[in-house]
Amino acid sequence: MMAADANATLVEKKEDSPKMPDKKKTKYDVIIIGAGPAGYTAGIYCSRAGYDTLILSGILPGGQLVNTTEVENFPGFEKGIMGPDLMIEMRKQTQRMGTTIVDDEVVNVDFRNAPFKILTASEEYEGRAVIIATGANPRKLGLEGEITFGGKGVSYCATCDGPFFRNQELIVAGGGDSAIEEATFLTKFATKVYVVHRRRELRASKVMQERAFNNEKIQFVWDSEIIDIKGDQKMQKAILKNKKTNETSELEVGGLFVAIGHEPNTSLFKNQIDLDDEGYIVLKNKTHTNIDGVFAAGDVHDRTYRQAVTAAGFGCMAAIDVDKYLTEKA
Ligand code: NAP
């Protein structure tokens, strides 16, 4: 999956939606917050189980996949599919199952008592059960080149995009477990992987560090930050600055994998749902949060797998858990 700005396509094609939401209806069996693979899959399962289901998608529905180009690892598409197209298909399938989708942003929630209240700027909705599927976003270096070369060399997911970079030299930015895991994974495809880290010490676990130190294809560039990304149609080089000496240098590479952590989209739920130190939702049992009747699915709680297909799987699991919960309450 290669990053690209494909939001415009998604918004354009949204007009094909088979069912317009009923603006006056505000009470639902299930309200799903978020419209990535987890949210849509939860919608499909909840609607098929007969629940009156609403997805509040946010302003730009589709999650991280609308910022990607080709997706080769989502099953069912022999020749791959463009990320935005995959999300349009999921949206249409969800609507065909009867889920109402409102492209509005949630500004507040009240999970103190069921039915739970979900507020947008213009409406107050009530749900007997809620599934939080708001996802997570990869942290960015904050360089203009990340936007210019998104989908043209710059990536935030080695598992997704590594195979597009065969026989090239690559950079991984970061020094945590993700960076080291991604660098090690990328050596399957790349001729060489530079790990550019801002300190001289890695944050990654010792076992993973040792594995990377022993990998002949991995070269560490310490105490350094990437200050610019250059290229023409595609990224061609990164400009580095050594933080100790202030010297700059260049690395000619075909790609840059930014692996400096993720930010789960959970600011709305602070003080209402148990979050861990990094803001991920803590699941108590299966997909249940600490609030009975509020569930979570996808990257908003999953810091390990972070794949479209695993998020979709979590969406399915949350919907099945919701079904059990609502059946017991009935
Ligand atoms: P992380 O542990 O927070 O590491 C982020 C890395 O990026 C750090 O080395 C940090 O540098 C660097 N960084 C942060 N902001 C930066 C910036 N603006 N510019 C340059 N570098 C920056 O994130 P993660 O590696 O994604 O791991 C997240 C969690 O998932 C961790 O708990 C990790 O153990 C876990 N995880 C586990 C596995 C595994 O066990 N297989 C795999 C992946 C992730 P500093 O070190 O200088 O702060």
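This text goes with the structure placed above it.
Report on the accompanying structure. Since the structure is predicted, the reported quantities are computational estimates derived from the model, not experimental observations. (Residues numbered from 1 in each chain as written. Predicted model: local features only at pLDDT ≥ 70, side-chain atom pairs only at ≥ 80, totals over all residues. Heavy atoms only, no water.)

**What about the sheet that holds strand E10 (residues 154-155)?**
The strands that make up a sheet pair up through hydrogen bonds in the backbone, lying either parallel or antiparallel. Quick reminder of the rule: Strands were regarded as paired on the criterion that DSSP finds at least two bridges between them. The way it works is that DSSP assigns letters per residue, a run of H or I at least four long becomes a helix, a run of E at least two long becomes a strand, and they are numbered from the N terminus. Note on contacts: a residue pair is in contact if any heavy atoms of the two residues lie within 4.5 Å. Angles run from 0 to 180 degrees between N-to-C directions of axes, and those axes are lines fitted to C-alpha atoms, restricted for helices to the stretch in contact.
Strand order across the open sheet formed by five strands is E10-E17-E11-E12-E13, with parallel pairing between neighbours. Two strands bound the open sheet, and with one partner strand each, they are E10 and strand E13 (218-221). Relative to E13, strand E12 (residues 192-196) runs parallel, the two sharing four bridges. Across the sheet, Val193 pairs through a bridge with Ile218, a residue of E13. Packing against the sheet, helix H6 (residues 177-186) makes contact with strand E11 (169-173), E12, E13 and strand E17 (255-258), and its axis sits at approximately 170° to E11.

**Thoughts on the site of the ligand**
The test is simple: Only heavy atoms are used to decide nearness, and a residue is near a molecule or strand if one of them lies within 4 Å of it. Here a polar contact is recorded for every N or O atom pair within 3.5 Å, except that within protein the pair must consist of a potential hydrogen donor and a potential acceptor, and residues adjacent in sequence are included only if both atoms are side-chain atoms. Polar here means any residue outside two lists: the nonpolar Ala, Val, Leu, Ile, Met, Phe, Trp, Tyr, Cys and Pro, and the charged Asp, Glu, Lys and Arg; Gly therefore counts as polar.
If you check the shell around the ligand, you find 14 residues, and the closest are Asp177, Ser178, Glu181, Arg199 and Arg203. At 2.5 Å from an oxygen atom of the ligand is found a side-chain nitrogen or oxygen belonging to Asp177. In this structure, an oxygen atom belonging to the ligand sits 2.5 Å away from a side-chain N or O atom of Arg203. Residue composition of the shell around the ligand, by class: two nonpolar, six polar and six charged.

**So, a positive patch on the surface**
Rule in force here: Within the patch definition used here, like charges are joined within 9 Å and nonpolar side chains (Val, Leu, Ile, Met, Phe, Trp, Tyr) within 5 Å, considering only residues with over 30% relative accessible area and no salt bridge. Note on areas: Shrake-Rupley, 1.4 Å probe, and residue coverage restricted to the protein chains presented here. Every case where a carboxyl oxygen of Asp or Glu lies within 4 Å of a side-chain nitrogen of Lys or Arg is listed as a salt bridge. A residue counts as positive if it is Lys or Arg and as negative if it is Asp or Glu; His and the chain ends are not included. Where a charge sits is defined by one atom per residue type, namely NZ (Lys), CZ (Arg), CG (Asp) or CD (Glu).
Together, Arg198, Arg199, Arg203 and Lys243 make up a region of like positive charge exposed at the surface. If you trace the backbone, Arg198 turns up in the loop between E12 and helix H7 (206-213).

**As for the pattern of salt bridges**
Cut-off, in case you're wondering: The buried label applies to any residue whose accessible area, calculated with a 1.4 Å probe on protein chains only, is under 20% of its type's maximum; exposed applies above 50%, and partly exposed to all values in between.
The final tally for this structure, using the stated rule, is twelve salt bridges. The partner of Arg303 in a salt bridge is Glu278, with the nearest N and O atoms 3.3 Å apart. A residue pair is termed long-range when its members are at least 10 positions apart, and Arg303 in the loop between strand E19 (294-296) and helix H8 (308-329) and Glu278 in the loop between strand E18 (262-264) and E19 qualify at 25 residues. Measuring nitrogen to oxygen at the nearest pair gives 3.6 Å for the salt bridge that ties Asp292 to Lys329. With Asp292 in the loop between E18 and E19 and Lys329 in helix H8, this residue pair connects regions lying 37 residues apart in the sequence. Overall, Asp292 belongs to the partly exposed group, its relative accessible area being 47%. Among the ionic contacts, a cluster of salt bridges with common partners joins Asp276, Glu278 and Arg303.

**Section: the state of the cysteines**
Rules: The definition used for a disulfide is geometric: two cysteine sulfur atoms within 2.5 Å.
The final tally for this structure, using the stated rule, is one disulfide. Here Cys157 engages in a disulfide with Cys160; their sulfurs sit 2.1 Å apart. With the S-S dihedral at roughly 70°, the linkage between Cys157 and Cys160 falls on the right-handed side. You can call Cys160 buried: its relative accessible area is 9%. Looking at the unpaired Cys46, the closest cysteine sulfur is the one in Cys316, lying at 9.8 Å.

**Some remarks on the side chain of Asp104**
Examined against the element boundaries, Asp104 turns out to sit in the loop between strand E5 (100-102) and strand E6 (106-110). Among the polar contacts made by the side chain of Asp104, one reaches the side chain of Thr120 at a distance of 3.2 Å. In this structure, Asp104 is in contact with Leu56, Ser57, Gly58, Thr120 and Ser122, ignoring residues within four places of it in sequence.

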